[in-house]
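Summary of structural features
Take a look at the letters that make up each chain.
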2 protein chains.
Amino acid sequence: MSADGDEARLRGEETDVEGTAGKTGGMSGGSGGEASTVRDVAKRAGVSPSTVSRVLGGTYPVATATRAKVLKAMRELDYVVNAHARALGGSTNKTVAFVVDDVTGPFYAHIARGVEEQASAEGRLCMLCTTHGDPQRALGVVELMREQRADCVIVVGGAWEDKAYQDRMTHFAHALDRAGSRLGLVGRPPLGEGVPATVVEYDNEGGAFAMTTHLLSQGHRRIAYLGRVPLLSTSRERLQGFTSAHDMLGLSPYPRLIKDGVFSRSYGYQATRELLASKADFSAIFAATDMVAAGVLQALREGGVRVPEDVSVAGYDDIPVALDMYPQLTTVSVPHEELGRTAVRLALHRDELPDSQHQVLGTHIVVRGSTRRRGK
Amino acid sequence: MSADGDEARLRGEETDVEGTAGKTGGMSGGSGGEASTVRDVAKRAGVSPSTVSRVLGGTYPVATATRAKVLKAMRELDYVVNAHARALGGSTNKTVAFVVDDVTGPFYAHIARGVEEQASAEGRLCMLCTTHGDPQRALGVVELMREQRADCVIVVGGAWEDKAYQDRMTHFAHALDRAGSRLGLVGRPPLGEGVPATVVEYDNEGGAFAMTTHLLSQGHRRIAYLGRVPLLSTSRERLQGFTSAHDMLGLSPYPRLIKDGVFSRSYGYQATRELLASKADFSAIFAATDMVAAGVLQALREGGVRVPEDVSVAGYDDIPVALDMYPQLTTVSVPHEELGRTAVRLALHRDELPDSQHQVLGTHIVVRGSTRRRGK
DNA sequence: CTGAAAGCGCTAACAG
DNA sequence: CTGTTAGCGCTTTCAG
């Protein structure tokens with residue numbers, strides 16, 4: 001555990017600033033001066049490199065006087081360890097990789113926060129990669145993280161139900177595992193039996209089922225579902241929940257009211273306009289995500305349709321914006337941060353913790369102002 | 001430019017999956033199997049390590065037949081370079097560090113996206129650190145990034161106007177510069193003359209000035225300003241714009257209507273409730289950020305105050321949520337992504353690009369439904 | 001407690 | 001075109 005030093009640094013300790021900066025302040029020519037190394041420090045302190053290394057690690061007994069000399073030399077030289085050299089030593093790398101579609105979505109942002117928090121709580125740095133919804137890029141990025149020898153690689157969302165993609169991902173899972181690392185999958189289904197990966201999901205289908213049941217129980221019968229993305233597991237599961245809820249009451253969804261499209265605000269806007277233009281008959285819209293719902297609300301407002309008087313609208317995700325919409329959005333709440341934290345925790349301690357293979361976190365619906373009993 | 005290989009990988013190429021995974025698939029015991037090295041590959045291909053290294057880099061002439069043998073061996077061994085060993089070689093490290101308060105804020109998220117995009121466009125990986133608004137932690141994190149030998153360290157927001165903090169940051173700027181790296185400051189003022197750092201700001205004061213002028217020109221005279229954070233430069237500049245706009249018309253702000261508080265939704269909510277409870281007289285509220293404005297709108301709505309009929313509300317940042325609020329928020333638009341992209345670009349190419357020291361991007365107000373002429 | 005020596009995995013001169 | 005030889009900066013035995 002050479003973490004001592006790092007953690008202190010995370011806390012921002014080290015009260016030394018003094019004239020050090022001035023010493024070399026003049027030569028701000030850039031790429032000129034080489035960074036100082038353990039050897040420089042050793043020389044200056046009149047000790048051996050190993051001793052310097054020992055005070056660095058803090059893990060080994062070093063005479064107080066010696067340690068002081070070394071620390072002084074480090075300060076004077078403005079020394080910082082070279083993380084790569086340290087990582088190369090084979091010992092520890094201390095990095096958590098985080099692969100996500102797009103940091104911009106509040107959905108991802110909150111998971112990212114959970115990941116980052118847990119990572120830094122465990123003394124790890126966090127590498128961030130985005131895939132912009134491109135499965136090819138996702139694969140490339142995971143490979144890159146493998147090169148970085150990250151302690152674990154957390155991949156969020158974007159579970160493409162494509163054979164080649166899944167095979168490739170499965171391959172990575174094994175490769176990472178072999179290297180003592182770990183693949184963590186958040187918000188997506190397991191890759192299969194025996195694949196060494198940590199999966200932290202939330203109940204997509206359950207949430208959609210609950211929401212649909214809620215709408216049906218409010219008397220809605222013609223419910224539009226916006227956001228069927230073929231080949232995306234999240235989408236499939238939510239739609240499944242939507243369908244099963246109908247089934248349970250001996251009803252079935254209207255195919256005409258199920259619209260394909262990506263999970264975006266503008267898609268929600270467009271799809272709703274089309275729905276309106278086609279004079280389709282519906283009393284509620286279930287948007288696959290809150291972002292889609294945002295577009296829906298705007299289109300309805302512009303179309304002069306009142307929410308929830310004329311049409312009820314529900315979303316999925318419960319991102320913070322849901323509170324800022326008008327009316328506030330009824331939606332399915334997902335424990336974003338916890339997903340991120342849990343994934344990192346389980347992936348890092350796969351051997352000590354139970355259930356580190358697969359965990360499903362619950363979801364629940366949150367009823368706000370955008371839905372109400374039909375015709376009330 | 002050994003980037004060839006990496007970039008291909010970013011594009012997710014490498015079509016090989018085959019039975020490779022199965023080869024060692026059984027031994028999924030974790031930390032067991034060591035990762036293979038250039039030497040293993042060399043041995044298997046019957047060549048020398050250097051040759052392997054050469055095909056890895058792609059930068060050197062290698063006989064087609066040899067290259068094929070090597071590639072085959074790599075595939076069979078499921079080899080991936082060790083980024084740390086490579087970085088240690090001194091050549092290139094290929095990382096951009098990104099330090100931010102909190103990924104969760106849409107404001108930061110968009111800058112993050114810009115940073116990430118530009119970084120990956122330049123073949124760099126992105127390290128993410130959050131500071132949770134703690135200047136001490138920010139300093140610690142920058143130090144950590146220095147250990148990582150990042151090509152550049154981009155710090156967003158949270159410019160504490162605290163002497164010790166600034167000295168320390170200045171020190172880092174020099175240290176990074178000395179190491180051939182670069183400190184990039186986004187959305188915060190320069191550290192001072194001659195400090196080697198790339199600063200990309202946006203016009204905080206100008207935006208606040210424009211917005212305030214707009215409100216005043218609409219007949220508002222008693223404007224509340226919510227979000228004066230002592231010691232935070234962003235806050236000071238916005239408040240300055242607010243004040244100057246008054247000055248220009250020979251007016252002055254009402255001290256009673258200027259409320260201190262952090263930039264958060266809940267602060268906006270609280271402050272507004274207090275304003276309402278104190279029966280203060282005002283016809284407009286200028287919130288220091290859109291998040292604050294979100295809280296303001298909610299409090300007003302709950303208090304039965306109509307927006308914009310009774311009170312006009314303006315924000316700052318133009319984050320996506322501004323469109324989802326009701327009424328849609330009049331605010332100051334900031335080019336978030338461009339800030340991020342520009343910072344990375346300038347920091348990475350400080351020597352080739354002009355004006356790589358300091359750049360101020362413009363802001364402009366966007367008038368939406370939350371403001372209108374007073375008493376209309 | 002401290003020093004000397006041997007790598008970690010890769011790249012980069014030099015010679016072939 | 002390809003093999004040999006040195007390190008990059010740090011940790012880590014193994015002897016003092």
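So, here's what we can say about the structure.

Cut-offs applied
- Residues numbered from 1 in each chain as written.
- Chains lettered and ligands numbered in written order.
- Predicted model: local features only at pLDDT ≥ 70, side-chain atom pairs only at ≥ 80, totals over all residues.
- Heavy atoms only, no water.
- Near = heavy atom within 4 Å.
- Polar contact = N/O pair within 3.5 Å; in protein donor to acceptor, adjacent residues only side chain to side chain.
- Helix = DSSP H or I, 4+ residues; strand = E, 2+ residues; numbered from the N terminus.
- Contact = heavy atoms within 4.5 Å.
- Pairing = 2+ DSSP bridges.
- Axes fitted to C-alpha atoms, helices over the stretch in contact; angles between N-to-C directions.
- Expected span 1.5 Å × (residues − 1).
- Buried < 20%, exposed > 50% of the residue type's maximum accessible area, 1.4 Å probe, protein only.
- Nonpolar A, V, L, I, M, F, W, Y, C, P; charged D, E, K, R; others polar.

Our focus in this paragraph is the protein's contact with DNA strand C. Lining the immediate environment of DNA strand C, one finds 23 residues, of which A:Arg54, A:Thr66, B:Val38, B:Tyr79 and B:Arg86 sit closest. A share of 61% of the atoms of DNA strand C within 4 Å of the protein falls on sugar and phosphate groups. A distance of 2.9 Å is found between a phosphate oxygen of DNA strand C and a side-chain nitrogen or oxygen belonging to B:Ser53. Within the side chain of B:Arg86, an N or O atom sits 2.6 Å from a phosphate oxygen of DNA strand C. Only α4 (49-57) of chain A together with α4 (49-57) and α6 (83-88) of chain B provide two or more residues apiece to the surface near DNA strand C.

The next point concerns the side chain of A:Thr104. Among the structural elements, A:Thr104 can be located in the loop between β1 (95-100) and α7 (106-121). A distance of 3.3 Å separates polar atoms of two side chains, one belonging to A:Thr104 and the other to B:Arg113. Ignoring any residue separated from it by four or fewer positions in sequence, one finds A:Thr104 in contact with B:Ala109, B:His110 and B:Arg113.

What follows deals with the sheet that holds strand β6 (residues 223-228) of chain B. Residues and elements named next belong to chain B. With parallel pairing, the four strands of this open sheet are ordered in space as β7-β6-β8-β9. Among the strands making up the open sheet, the edge pair consists of β7 (258-260) and β9 (312-314). The average angle at which neighbouring strand axes cross in this sheet is 15°, direction not considered. Pairing of strand β8 (residues 284-287) with β9 involves three bridges; the strand directions are parallel. Across the sheet, the residue bridging to Ile285 is Val313, located in β9. Packed on one face of the sheet, helix α10 (residues 204-217) meets β6, β8 and β9 and runs near 175° to β8. Along the sheet, helix α11 (residues 233-248) contacts β6, β7 and β8; its crossing angle with β6, the most-contacted strand, is approximately 160°.

A separate point is helix α11 (residues 233-248) of chain A. Residue and element names in this part refer to chain A. Its 16 residues place the ends of α11 22 Å apart at the C-alpha level, agreeing with the 22 Å of an ideal helix rising 1.5 Å per residue. Within α11 the residues assigned to the buried category are Ser233, Thr234, Ser235, Glu237, Arg238, Leu239, Gly241, Phe242, Ser244, Ala245 and His246. Summarising the contacts, the buried residues of α11 are in contact with β5 (197-202), α10 (204-217), β6 (223-228), β7 (258-260) and β8 (284-287). Remark: Gly250 follows α11 within two positions and exhibits a positive phi of approximately 70°.

Okay, the sheet that holds strand β4 (residues 183-186) of chain A next. Spatial ordering of the open sheet is given by β11(A)-β5(A)-β4(A)-β3(A)-β1(A)-β2(A)-β2(B)-β1(B)-β3(B)-β4(B)-β5(B)-β11(B), a layout of 12 strands whose pairing is mixed. This sheet does not close on itself; its edge strands, each paired only once, are β11 (358-361) of chain A together with β11 (358-361) of chain B. Between one strand axis and the next, the sheet turns by 20° as a mean value, whatever way the strands run. Strand direction decides the pairing type here: β1(A) and strand β3 (residues 152-156) of chain A, joined by four bridges, are parallel. Within the sheet, the bridge partner assigned to A:Ala97 lies in β3(A) and is A:Val153. Across the sheet, helix α15 (residues 336-348) of chain B touches β1 (95-100), β3 (152-156), β4 (183-186), β5 (197-202) and β11 of chain B, and the angle it forms with β5(B) is around 160°.

Our focus in this paragraph is the protein's contact with DNA strand D. In the vicinity of DNA strand D, 23 residues are found, and the nearest of them are A:Val38, A:Tyr79, B:Ser50, B:Arg54 and B:Thr66. Sugar plus phosphate, as a fraction of atoms of DNA strand D within 4 Å of the protein: 61%. Contact distances for DNA strand D include 2.8 Å between a base oxygen and a side-chain N or O atom of B:Ser50. Secondary-structure elements contributing two or more residues to the surface near DNA strand D are α4 and α6 (83-88) of chain A together with α4 of chain B. Per element, the largest residue contribution to the surface near DNA strand D is four residues, and it comes from α4(A). Here the surface near DNA strand D is built from residues that sort into 10 nonpolar, 10 polar and three charged.

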